Amino acid sequence: MVGVFTVLMDSTTATAELGWTLYPAQGWEEVSGYDENMNTIRTYQVCNVFDSSQNNWVRTKYIRRRGAQRIHVQMKFSVRDCSSIPNVPGSCKETFNLYYYESDSDVASKSSPPWMENPWVKVDTIAADESFSQVDLGGRIMKINSEVRSFGPVSRNGFYLAFQDYGACMSLIAVRVFYRKCPRVVQNGAVFPETLSGAESTSLVAARGVCVPNGEEVDVPIKLYCNGDGEWMVPIGRCMCKAGYEAVENGTLCRACESGFFKAAQGDHGCQQCPINSRTTTDGATNCVCRTGYYRSDADPPQMPCTTVPSAPQSVISMVNETSLQLEWSPPQEAGGREDVVYNIICKSCGSGRGGCTRCGDNVQFVPRQLGLTDGRVHIKLSLLVCFPPSSFSCVHHPPGQQKSQQHHLVLVPAGSAQRSHP
């Protein structure tokens, strides 16, 4: 993302005299001039090229840094070509110097700080890419140079800028002072605050991100780095929308799943429509509940449809001898919407009295097993059986050595996996 900047001072916005401090009085002069669009602005000019040993300074007013660590200065200026000035001495220059001086308050005077490189800190010598001649001046052809320099780190509350002329014929048309920053941004599912660039042009300032509402950290720590140009780079970590929420607007928001939709787990995927025979009770659902009369197994994934109880097995056949019973059957006509239908054999032992029935004891054996049958057959073994079909099977058992008989009731029940779970 392209960086932004905050302007600390812009000479072109002045509606009256700039009122910068001059040294000496015969050097720089504040005059009304024109920018490249021929708008009237306040400028500073100097042209003492016929006098050697020039040392002309102009100092800005106090500029507060507002927390910035590195300051950028854009200068627009025009310079007269020395070769176009008749009889000009060799001391004529086409450059000038830029300085800064830090201070915690506006304490400068006409003589302080002293007009010299120390205590002033030199930023650079500024040279023109293009200069103008007398012909250009007569034809009102503006050759305006624009240069940007930066300096830092700065730590005091503010600073002054100074421009030193040492023998040029030039006009300082505009000065803009600013600092760069990385704007607030939402990236990788996290919000990163506005962050000022570092003290050096190569600095990378780390910013910690916070997941957008209803987002969850996937990789930590969540960071972005702000470079010296106010641009975000080197993303680390990310956030994803939690279960029940989906990413919208290019991942800048996590929105709750609407009614009839769900999202079971954290991730970048969107909300899914509820499967058949299920519904949601609130927005932001992580699963869909089965409708009345429909069920889902504990092992079923949340996107699987809810199913109902299968119908009764068909074509039940029994084959009985004295000690065993062989049952065979066909699958139910309606499987309830499932493919994993299994069968259970319910066996109850009832005495000849009025007492209640109990489950059969260990003396009744089921081959291959009593519960969870997948094939349509089972072999039941007991010491002596006499069975009476058809719907359920009542088998009279005469245990050896006992006078009383016991009646065993066998019921064949289809049991889909969903039947053993909750709605």
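Residues numbered from 1 in each chain as written. Predicted model: local features only at pLDDT ≥ 70, side-chain atom pairs only at ≥ 80, totals over all residues. Heavy atoms only, no water.

- Under an unreviewed UniProt entry, the name given to the protein is Eph receptor B2a, and the organism recorded is Salarias fasciatus.
- Quoted verbatim from the Subcellular location (unreviewed entry) heading of the UniProt record, the comment on the protein is "Membrane". (UniProt positions renumbered as here; feature names shortened; annotations may be inferred.)

Let's talk about empty space enclosed by the protein
A probe as big as a water molecule, rolled over the atoms, marks out the empty space that is left.
Thought 1: Applying the stated criterion to the full structure yields two cavities of 30 Å³ or more.
Thought 2: Size it by volume and the second largest cavity reaches roughly 30 Å³.
Thought 3: If you trace the second largest cavity, you find it lined by Ser11, Leu18, Trp20, Arg42, Tyr44, Leu172, Ile173, Ala174 and Val175.
Thought 4: At the level of elements, β4 (40–47) and β12 (169–182) are the ones that each hand at least two residues to the lining of the second largest cavity.
Thought 5: Per element, the largest residue contribution to the lining of the second largest cavity is four residues, and it comes from β12.
Thought 6: For the lining of the second largest cavity, a count of residues per class yields seven nonpolar, one polar and one charged. (1 Å grid on protein atoms, 1.4 Å probe; cavity = no way out; pocket = protein on both sides within 12 Å on 5 of 7 lines; lining within 4 Å. Points joined across faces, edges and corners; volume = space filled by probe spheres on them. Helix = DSSP H or I, 4+ residues; strand = E, 2+ residues; numbered from the N terminus. Nonpolar A, V, L, I, M, F, W, Y, C, P; charged D, E, K, R; others polar.)

Some remarks on the sheet that holds strand β26 (residues 314–320)
Thought 1: Overall, antiparallel pairing links the four strands, which are arranged β26-β27-β31-β30 in an open sheet. Here the strands that pair on one side only, and so sit at the sheet edges, are β26 and β30 (365–367). Each neighbouring strand pair of the sheet contributes to a mean axis angle of 20°, computed without reference to strand direction.
Thought 2: Examined bridge by bridge, β26 and strand β27 (residues 324–330) share five bridges and lie antiparallel to one another. Bridge assignment links Met319 to a residue of β27, and that residue is Gln326. (Pairing = 2+ DSSP bridges. Axes fitted to C-alpha atoms, helices over the stretch in contact; angles between N-to-C directions.)

Section: the state of the cysteines
Thought 1: One pass over the structure, following the stated rule, counts nine disulfides.
Thought 2: Between the sulfur atoms of Cys82 and its disulfide mate Cys92 the distance is 2.0 Å. Residues Cys82 and Cys92 are joined by a disulfide whose S-S torsion is about -80°; by sign, that bridge is left-handed. With Cys82 in the loop between β7 (71–79) and β8 (95–103) and Cys92 in the loop between β7 and β8, the pair connects residues that are 10 residues apart, well separated along the chain. Residues Cys82 and Cys92 agree in their burial class; the two are buried. (Disulfide = S-S within 2.5 Å. Buried < 20%, exposed > 50% of the residue type's maximum accessible area, 1.4 Å probe, protein only.)

Digging into the sheet that holds strand β19 (residues 232–241)
Thought 1: The strand order across the open sheet built from three strands is β16-β18-β19, with neighbouring strands paired in antiparallel fashion. Only two strands of the sheet have a single neighbouring strand rather than two, namely β16 (205–208) and β19. Strand-to-strand, the axes of this sheet are offset by a mean angle of 20°, without reference to chain direction.
Thought 2: Note that strand β18 (residues 215–226) and β19 share seven bridges and pair antiparallel. Residue pairing across strands places Tyr225 opposite Met233, the latter belonging to β19.

Re a nonpolar patch on the surface
Thought 1: Taken together, the side chains of Leu204, Met233, Val234 and Ile236 define a hydrophobic patch exposed on the protein surface, amounting to about 300 Å² of accessible area.
Thought 2: In this fold, Val234 is placed in strand β19. (Patch = residues over 30% accessible without salt bridge, like charges linked within 9 Å, V, L, I, M, F, W, Y side chains within 5 Å. Areas by Shrake-Rupley, 256 points an atom, 1.4 Å probe, with all protein chains shown as cover. Salt bridge = Lys/Arg side-chain N within 4 Å of Asp/Glu carboxyl O.)

With respect to the pairing of strand β31 (residues 377–381)
Thought 1: Across the two faces of β31 the burial differs, with Val378 and Ile380 buried and Arg377, His379 and Lys381 not buried at all.
Thought 2: Where β27 meets β31, five bridges bridge the pair, whose relative direction is antiparallel. Considered in β31, the bridge of Leu327 is made with Val378.
Thought 3: Where β30 lies against β31, three bridges are found, and the strand directions are antiparallel.

Notes on the nonpolar core
Thought 1: Counting residues in each nonpolar core, the largest one holds 31 residues, and the members touching the most others are Trp20, Ile71, Phe151, Leu161, Phe163, Val175 and Val177.
Thought 2: Mapped by element, the contributors of at least two residues to this core are β1 (4–10), β4, β7, β8, β9 (121–127), β11 (158–165) and β12.
Thought 3: Residues contacting Val175, with those up to four places away along its chain left out, are Met9, Asp10, Ser11, Trp20, Val73, Gln74, Leu161 and Phe163.
Thought 4: Listed in part, the 14 residues of the second largest apolar core include Cys360, Phe366, Leu373 and Ile380. (Core = buried A, V, L, I, M, F, W, Y, C linked by side-chain atoms within 4.5 Å. Contact = heavy atoms within 4.5 Å.)

Thoughts on unusual backbone geometry
Thought 1: Going from Tyr23 to Pro24, the amide bond is cis rather than trans, its omega being -15°.
Thought 2: Take Pro24: it is sitting in the loop between β2 (21–23) and β3 (29–34).
Thought 3: Geometrically, the link from Gly152 to Pro153 is a cis peptide bond, its omega value of 0° lying close to zero.
Thought 4: Residue placement: Pro153 occurs in the loop between β10 (145–151) and β11.
Thought 5: In this model, Val234 sits at a positive phi of 55°, which is unusual for a non-glycine residue.

Considerations on the packing of aromatic side chains
Thought 1: One pass over the structure, following the stated rule, counts 15 aromatic pairs.
Thought 2: Ring centres of Phe77 and Phe96 lie 5.0 Å apart, and the angle between their planes is 80°; this geometry places the pair in the edge-to-face category. You can see Phe77 sitting in strand β7 and its partner Phe96 sitting in strand β8, a full 19 residues away along the chain.
Thought 3: Taking the relative accessible area as the measure of exposure, Phe96 reaches 1% and is therefore buried.
Thought 4: Here the aromatic residues Tyr23, Trp57, Tyr99, Tyr101, Trp115 and Trp120 are joined through ring pairs into a cluster of three or more. (Phe/Tyr/Trp six-rings, centres within 6.5 Å; stacked < 30°, edge-to-face > 60°.)

Looking at the pattern of salt bridges
Thought 1: On inspection of all chains with the given rule, the structure shows 10 salt bridges.
Thought 2: The salt bridge involving Asp268 is made with Arg238; its shortest N-O contact spans 2.9 Å. Remark: Arg238 occurs in strand β19 and Asp268 occurs in the loop between β22 (261–262) and β23 (272–273); sequence separation between them is 30 residues.
Thought 3: What makes Asp268 partly exposed here is its relative accessible area of 47%.

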